[in-house]
Amino acid sequence: QVQLVESGGGLVQAGGSLRLSCAASGSIFSINAMGWYRQAPGKQRELVAALTSGGSTNYADSVKGRFTISRDNAKNTVYLQMNSLKPEDTAVYYCNAEGVGVITFRSWGQGTQVTVSS
């Protein structure tokens, strides 16, 4: 079992910044990719940013230039630095990790609320 624990969400005014963290723990041999998704009320969950073990990144068009994903491999932790936040960034943000442990895994965190006020 691989567990993901997120932190760093909260309430911020438009134009502000937040930094999300997600730490993976459990039976982990290697993590191939970690990423962040978000789900706003009434909308489908969508990819925000992803980072592979090789360093490749993928961002949603709506966050390019404002959000930065990074990773501390030694700590099995992924971060999402969110700058210039907009009210439309309001959502529950979920961490995701894919890799190999006892078996291959794809795990999700419990989610952390990000609310951006106008």
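About the criteria used
- Residues numbered from 1 in each chain as written.
- Predicted model: local features only at pLDDT ≥ 70, side-chain atom pairs only at ≥ 80, totals over all residues.
- Heavy atoms only, no water.
- Core = buried A, V, L, I, M, F, W, Y, C linked by side-chain atoms within 4.5 Å.
- Buried < 20%, exposed > 50% of the residue type's maximum accessible area, 1.4 Å probe, protein only.
- Helix = DSSP H or I, 4+ residues; strand = E, 2+ residues; numbered from the N terminus.
- Contact = heavy atoms within 4.5 Å.
- Phe/Tyr/Trp six-rings, centres within 6.5 Å; stacked < 30°, edge-to-face > 60°.
- Lys NZ or Arg CZ within 6 Å of the ring centre and 35° of its normal.
- Pairing = 2+ DSSP bridges.

*Asks:* Would you mind going over the nonpolar core in detail, with residue names and values included?
*Replies:* Within soluble globular proteins, side chains that are nonpolar generally end up buried alongside one another. Core analysis: the biggest nonpolar cluster contains 30 residues, and Trp-36, Leu-80, Met-82 and Tyr-93 have the highest contact counts within it. Elements with a minimum of two residues in this core: β1 (2-7), β3 (18-26), β4 (28-39), β5 (46-52), β7 (67-72), β8 (77-82), β9 (91-101) and β11 (112-117). Once you skip the residues sitting within four places of it in the chain, Met-82 turns out to touch Gly-16, Ser-17, Leu-18, Leu-20, Arg-66, Phe-67, Tyr-93 and Val-114.

*Asks:* So what's going on with the packing of aromatic side chains? Residues and values would help.
*Replies:* A complete count under the given rule lists one aromatic pair for this structure. Look at Tyr-37 and Trp-108: their rings are 4.9 Å apart centre to centre, the planes differ by 65°, and that puts the pair in the edge-to-face class. Highlighted residues: Tyr-37 in strand β4 and Trp-108 in strand β10 (residues 104-108), separated in sequence by 71 residues. Taking relative accessible area as the criterion, Trp-108 reaches 33% and is therefore assigned partly exposed. Above the face of the Tyr-94 ring, Arg-45 is positioned so that its terminal group lies 3.7 Å from the ring centre. Of note, Arg-45 hangs over the ring of Trp-108, and the distance from its end group to the ring centre comes to 4.7 Å.

*Asks:* Residue-level account of the pairing of β11, with values.
*Replies:* Residues Thr-112, Val-114 and Val-116 of β11 are buried on one face, while the alternating residues Gln-113, Thr-115 and Ser-117, pointing to the opposite face, are not. Two strands pair when backbone bridges link them, and strand β2 (residues 10-13) and β11 are joined in this way by four bridges, in the parallel orientation. Note on β11: the bridge partner recorded for Val-12 is Val-116. Sheet analysis places β9 next to β11, joined by three bridges and oriented antiparallel. Counted as the bridge partner of Tyr-93 is Thr-112 from β11.

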